[in-house]
Structure formats: C-alpha cells, structure tokens
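Here are the chains, one letter per residue:
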Amino acid sequence: MAQRLPDWLTIRVPRPDTIKQVEGMMRGKNLHTVCESARCPNLAECWSKKTATFMILGNTCTRSCGFCAIKVGRGEQLDPDEPENVAETTEKLGLKHIVVTSVTRDDLKDQGSDQFNKTIAAIHRRLPDVIVEVLTPDFKADRACITNVCDAHPEIYNHNVETVERLHTIVRPQAKYERSLQVLKMVKEIDPTIYTKSGMMLGLGETQEEVIRVLKDLRKNDVDALTIGQYLRPTMKHLPVVEYIQPKIFKEYEKIGEDLGFAFVASGPFVRSSYNAIAFSEKVMKERLDRMEQPDAAATQA
Ligand code: SF4
C-alpha cells in the first residue's frame, strides 16, 4: 500500500477569487459541480479555460464505488428547473465546453436519462455553439435510456470504465466492465456523429498489460478519446492507493493510446475525465465546421 504522496503529486493549487464568485452563482441556482465536490486539483485551470462539470440528478448515488466520495443512499427528488438553470449558468459563465454528469439513479424508471436529454436540449437551445459533453452512468446498458440521451445530440458522450476488468468487483461492484464497453459501442450505433470518450484511474493494483488491454478494448469499440489519471484516496473509508504511478509511465500510455488511434489522449497524474476537455472539443468543433462547410466531403469521410 502506497504511503506518502510523491513529489509530483504535491503541488499547491491556486484558488483565485473568481472561483468564489462562480461558486456563489452555482449555489444561487441550486447547482452542483463535480469540480467542487471532488475538490478537483484542476478546478482553477479548467474554469479559467471556460469549462466546468455540472452534476445533475442530485447529490446522492444509488451505488457505492470504492473510490468515490459521493454520498450513497436513496436518490433525491428531481429538480424540474435544473435543465434551464444549467443552461442559464453556462451562459452567465461564458463557458465554451460544458460537461454534464450525474450520480447513478437505479431507482428511476428512465434511470435519469430524461433529465440528461432535457439539460442538453436546454443548453443547445440557448447556446448553439457550446460543446456539450455528457459523462453518464451505465444505464445498465438499457438502449432506450442511451437513445434518450443521444436524441438530444450531445457532441461528446463520455462513460468511464474507471479500471481494469479484474478489479471491477472491488472498485465498482454494481457495474460490469463488458457492460460499460457495450454502452460506448451502442452510442456509435445510435448516432455515429457523436464522439465517444472514456477514462480510467491507475494505482489500484492493475498491471501494465491489463491497462493496455483496456485501451485496445476501447479502440475495438470505436472510442475516440481517452483520459488516464492517478487514483487519489478521498477518505480512509475508501480504497487504499496501491501505487503512485510515475509520470513517465503516463507518458508511455499516452503514446500507446495515440498509436492505437485515439483522436485525443490525456494521460497524467492529475488528469480527470473532463481534464483539458477544451483541447478535444476544439478538434470536435473544427470537424463539425468542416462537415458544415463541405457536407459531401464529410459524407465521403464518415
Ligand atoms: S456510480 Fe458514479 S457517482 Fe455513484 S458511487 Fe460510483 S462513481 Fe460515484
């Protein structure tokens, strides 16, 4: 079990005053960001790059993953104003890339997919040029729920596999590795113009062979973008860190990912699902513009 934080994980993170203003605005709209609840080390950097991650469907998850600090229990009442509030706050903050994520709501018939649909639609209606990335639960690979989200045309559909297959029973006991791959594959079947993305954490006891197998499995399911970061233990109640992975190993995985054909790879100790999301969305925006300017060329490329 890894003890002291290594040097590369001990940088002091600046928290400019602007963050307090943004937090105030969020609370005013009863909105929550994963950036804050996960005390993400990249918050200042992402918010200064006009990206943020909103969490919808409440603060209480119906699952209990061993790495996650989110409250577990009965899901909360849905807020019908949430979709419009997210869109309005996105506009007020001048965000260019917005990530909409959520807890898992196994307690709801549509598993929360309707609220995703409404939130994406509200943002697109108000801000047609903003890139919407959704980071969804697995919806138990229910095609109707995934179609419900895709029907609102998010530009990027993200669903994390989180770890290697062998460690799923301890890291995400209510999820399944193959089922998460199925979700990502289904999105491409439902709408091939949506970019798919997935991510994983390292340092939970996986081997390098197992990590490379995950990268190959994701590419086999046409996943376009990948994030790889270091697992950090939120509290003593959560899974211990088995290993702090050296930055050079993250660089090696980045190279392997690019060689496997991912259009975008972010791999590093501080990388999180939405880290540097704007870099990928700039690529998405460029390709979208190309598609609009030369629909025929785009059609022949697709
Ligand atoms: S399903 Fe998501 S929000 Fe729920 S405990 Fe797992 S990681 Fe956390």
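Coordinates for the structure precede this section.
About the thresholds
- Residues numbered from 1 in each chain as written.
- Predicted model: local features only at pLDDT ≥ 70, side-chain atom pairs only at ≥ 80, totals over all residues.
- Heavy atoms only, no water.
- Axes fitted to C-alpha atoms, helices over the stretch in contact; angles between N-to-C directions.
- Helix = DSSP H or I, 4+ residues; strand = E, 2+ residues; numbered from the N terminus.
- Contact = heavy atoms within 4.5 Å.
- Nonpolar A, V, L, I, M, F, W, Y, C, P; charged D, E, K, R; others polar.
- Parallel < 35°, antiparallel > 145°, perpendicular 65-115°, else oblique.
- Near = heavy atom within 4 Å.
- Buried < 20%, exposed > 50% of the residue type's maximum accessible area, 1.4 Å probe, protein only.
- Polar contact = N/O pair within 3.5 Å; in protein donor to acceptor, adjacent residues only side chain to side chain.

Enquirer: Honestly, the packing of helix α8 (residues 177-190) against helix α9 (residues 208-220) in this entry has me stumped. Any pointers?
Expert: For any two helices packed against each other, one specifies the inter-axial angle together with the distance between the axes. For the pair α8 and α9, the least separation of the axes is 10 Å and the interaxial angle reads 35 degrees. Only R213, V214, D217 and L218 of α9 make contact with α8, whose side of the interface consists of Y177, E178, L181 and L184. Among the residues making up the contact of α8 with α9, the classes are represented as 5 nonpolar, no polar and 3 charged.

Enquirer: Looking at this model, I keep getting lost on the packing of helix α5 (residues 113-126) against helix α6 (residues 143-150). Mind explaining?
Expert: Look at α5 against α6: their axes get within 8 Å of each other, and the N-to-C directions meet at 10 degrees. Relative to α6, the element α5 lies roughly parallel. Touching S113, D114, F116, N117 and I120 of α5 are C145, N148 and V149, all from α6.

Enquirer: Would you take a moment to explain the site of the ligand for this structure?
Expert: Lining the immediate surroundings of the ligand are C61, R63, C65, F67, C68, V103 and T104. Tallied by class, residues from the shell around the ligand come to 5 nonpolar, 1 polar and 1 charged.

Enquirer: What is the right way to read α6 from this model?
Expert: A turn of α-helix holds 3.6 residues, and therefore any two residues three or four places apart point the same way. Regarding α6, the residues found buried are C145, I146, N148, V149 and C150. Two or three places before A144, at the opening of α6, D142 has a side-chain oxygen 2.8 Å from that residue's backbone nitrogen.

Enquirer: What's the story with the side chain of D138 in this structure? I'm lost.
Expert: Mapping D138 onto the fold places it in the loop between β6 (131-135) and α6. According to the relative accessible area criterion, D138 is buried, its value standing at 2%. A polar contact of 3.1 Å, which involves the side chain of D138, links it to the side chain of R179.

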